[in-house]
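# Chains, contacts and geometry: an overview
Here's the letter readout for the chains.
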Amino acid sequence: MSVEGKGSCCAVSRNSEKPAIEAASIIPAGVGERADAIALPGGRSHVGIDNPAIPKDGEGPARFVKLNPFALEAQTVTTRRFAEFVDATGYVSEAERFGWSAVFAGLVSKDTEVMGSAPDTPWWWRIDGACWRHPEGPGSSVEDRLDHPVTQVSHADAVAFATWVGGRLPSEAEWERAAHGGVVGRKFVWGDEEPTDTKIFCNIWQGRFPDHNTMADGYMGTAPARSFEPNEGGFYNMAGNVWEWTADPYRIRSLSRHAKQRNAAAVAADERLLKGGSFLCHYSYCYRYRIAARMALTPDSAASNVGFRVAYDA
């Protein structure tokens with residue numbers, strides 16, 4: 001098994017290994033069709049929070065940043081759009097080149113062969129053949145979820161698609177600017193009210209993780225990219241559903257011993273930053289569907305709960 005439970009318990013990183021086949025050809029820039037993108041003005045903004053819920057993740061302290069004007073797509077990239085990209089370019093995703101990917105055990109059919117599991121997070125299984133076309137491995141299909149976020153995509157896959165449509169991945173500060181929806185200081189994209197197993201604001205876990213999901217929100221896995229109410233800025237599903245790759249490396253802003261050790265490990269592994277949480281998050285287990293929450297993965301990682309959205313320079 002070549003996946004690790006490093007970083008967040010909500011996903012797993014690959015160990016260092018080489019993919020089975022070579023990378024795809026160079027992607028033409030700006031050829032693909034853009035989706036609805038919402039323009040945001042530049043100026044003073046902030047990122048992080050002063051009273052972090054998970055300090056070891058580097059959620060704080062809050063700091064001010066200056067942003068240039070930019071635009072961010074209202075929703076995550078869907079499986080349909082990613083399929084159009086692949087059809088147009090012949091791109092081969094990293095999960096396809098590695099020949100396997102990490103799949104949440106609760107989504108795997110009984111007749112699927114399991115090649116191993118992550119030692120610290122045994123609900124993550126290595127499934128040969130799992131990729132964006134077959135998110136749970138051979139026999140699974142995306143035909144009934146073309147409007148869901150594409151999953152099983154690596155950082156390089158996300159960058160390739162963004163390049164094709166003339167965009168890029170957002171920074172953490174840009175992502176948080178959009179997630180706040182113009183309301184500074186809120187905890188969640190909808191406000192400060194805590195979601196519960198019966199009060200539903202987004203697609204996260206309800207019940208006892210990882211063996212019992214009541215699916216009170218209607219979903220065991222991903223939900224359509226435009227599910228639930230958007231925030232005041234018009235952005236959908238910036239909490240839960242899928243973790244979203246950003247352009248930033250994963251770093252913790254602190255002089256503590258833990259931060260120095262964690263940052264050294266992040267540099268060595270070239271870990272990238274993800275935001276937003278996923279359908280596997282729950283208050284009792286992975287309280288990372290808050291705006292300030294963050295996660296790290298190695299850039300070649302892919303999983304059942306990892307996707308992305310595209311930003312553009314103004």
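Notes on the structure in this doc start here.

Conventions used here
Counting from 1, residues in each chain are numbered in the order their sequence is written. At least 70 in pLDDT is required for a residue's local features to be given in this predicted model, at least 80 for side-chain atom pairs to be given and counted, and no such filter applies to totals for whole chains, interfaces and linings, which use all residues. Side-chain metrics in this entry use all non-hydrogen atoms of the structure; hydrogen atoms and water are not considered. A run of DSSP states H or I qualifies as a helix once it reaches four residues; a run of E qualifies as a strand once it reaches two. Both are numbered from the N-terminal end. Exposure is judged per residue with a 1.4 Å probe applied to protein chains only, and the accessible area is read against the type maximum: over 50% gives exposed, under 20% gives buried, and values in between give partly exposed. The contact criterion used is simple: two residues touch if any of their non-hydrogen atoms lie within 4.5 Å. Method for areas: the Shrake-Rupley scheme with a 1.4 Å probe, in which residue coverage is limited to the protein chains shown. A cavity, in this analysis, means grid points on a 1 Å lattice covering only the protein atoms where a 1.4 Å probe fits yet has no way out; a pocket is instead an open set bounded by protein on both sides within 12 Å along at least five of seven lines, and a residue lines either one if it has an atom within 4 Å of a point. Grid points are joined across faces, edges and corners, and a volume is the space filled by probe spheres set on the points. Each residue is assigned to one class: nonpolar for Ala, Val, Leu, Ile, Met, Phe, Trp, Tyr, Cys and Pro, charged for Asp, Glu, Lys and Arg, and polar for all the others, Gly among them. Working definition: a ring pair exists when centres of Phe, Tyr or Trp rings (six-membered ring for Trp) sit within 6.5 Å. Plane angles under 30 degrees give stacked, over 60 give edge-to-face, the rest tilted. Pairs of N or O atoms are called polar contacts if they sit within 3.5 Å, as long as, within protein, a hydrogen donor faces a hydrogen acceptor (for residues adjacent in sequence, only side-chain-to-side-chain pairs).

## Thoughts on the overall build of the chain
Helix and strand counts for the chain come out as five helices and 16 strands. The C-alpha extent of the chain, read off along each of the three principal axes, is 50 × 45 × 40 Å. Looking at the chain as a whole, 56% of its 314 residues qualify as buried. Taking the intrachain contacts of the chain between residues at least 6 apart in sequence as the baseline, contacts between residues at least 24 apart amount to 73%. About 13,200 Å² of surface is accessible on the chain, with carbon and sulfur atoms providing 52% of the total.

## Some remarks on empty space enclosed by the protein
Under the defined criterion, the tally for this structure stands at one cavity of 30 Å³ or more. Considered as a void within the structure, the largest cavity measures approximately 30 Å³ in volume. What lines the largest cavity is simply Pro195, Thr196, Lys199, Ile200, Phe201, Cys202, Ile204 and Gln206. When the residues that make up the lining of the largest cavity are grouped by side-chain class, the tally is five nonpolar, two polar and one charged.

## Some remarks on the packing of aromatic side chains
A complete count under the given rule lists 21 aromatic pairs for this structure. Ring centres 4.8 Å apart and planes at 10° place the aromatic pair tryptophan 190 and phenylalanine 201 in the stacked group. One end of the pair, tryptophan 190, is in the loop between helix H4 (172-180) and strand S10 (207-208); the other, phenylalanine 201, is in the loop between H4 and S10, with eleven residues separating them in the sequence. For phenylalanine 201, a relative accessible area of 24% corresponds to the partly exposed category. Between tyrosine 219 and phenylalanine 228, the aromatic rings sit 6.3 Å apart at their centres with planes inclined by 65°, giving edge-to-face as the arrangement. Assessed through its relative accessible area of 24%, tyrosine 219 is described here as partly exposed.

## Re helix H3 (residues 155-164)
By the criterion of burial, H3 is predominantly enclosed, with seven of the ten residues buried. Along H3, the residues classified as buried are His155, Asp157, Ala158, Ala160, Phe161, Ala162 and Trp164. On its buried face, H3 sits against helix H1 (79-89), helix H2 (94-98), strand S12 (243-249) and strand S13 (272-275). Glycine 166 sits one or two residues past H3 and shows a positive phi near 80°.

## Quick notes on the side chain of aspartate 57
In this structure, aspartate 57 sits in the loop between strand S4 (43-47) and strand S5 (63-67). Residue classification places aspartate 57 among the buried positions, given a relative accessible area of 5%. Side chain to side chain, aspartate 57 and arginine 288 meet in a polar contact 2.7 Å long.

## Quick look at the environment of asparagine 263
Of note, asparagine 263 is situated in helix H5 (residues 257-269). Distance in space between the C-alpha atoms of asparagine 263 and arginine 253 is 9.0 Å, their sequence separation being ten residues. If we ignore the near neighbours within four places in the chain, the residues touching asparagine 263 are Arg251 and Ile252. A distance of 2.7 Å separates a polar atom in the side chain of asparagine 263 from the backbone nitrogen of isoleucine 252.

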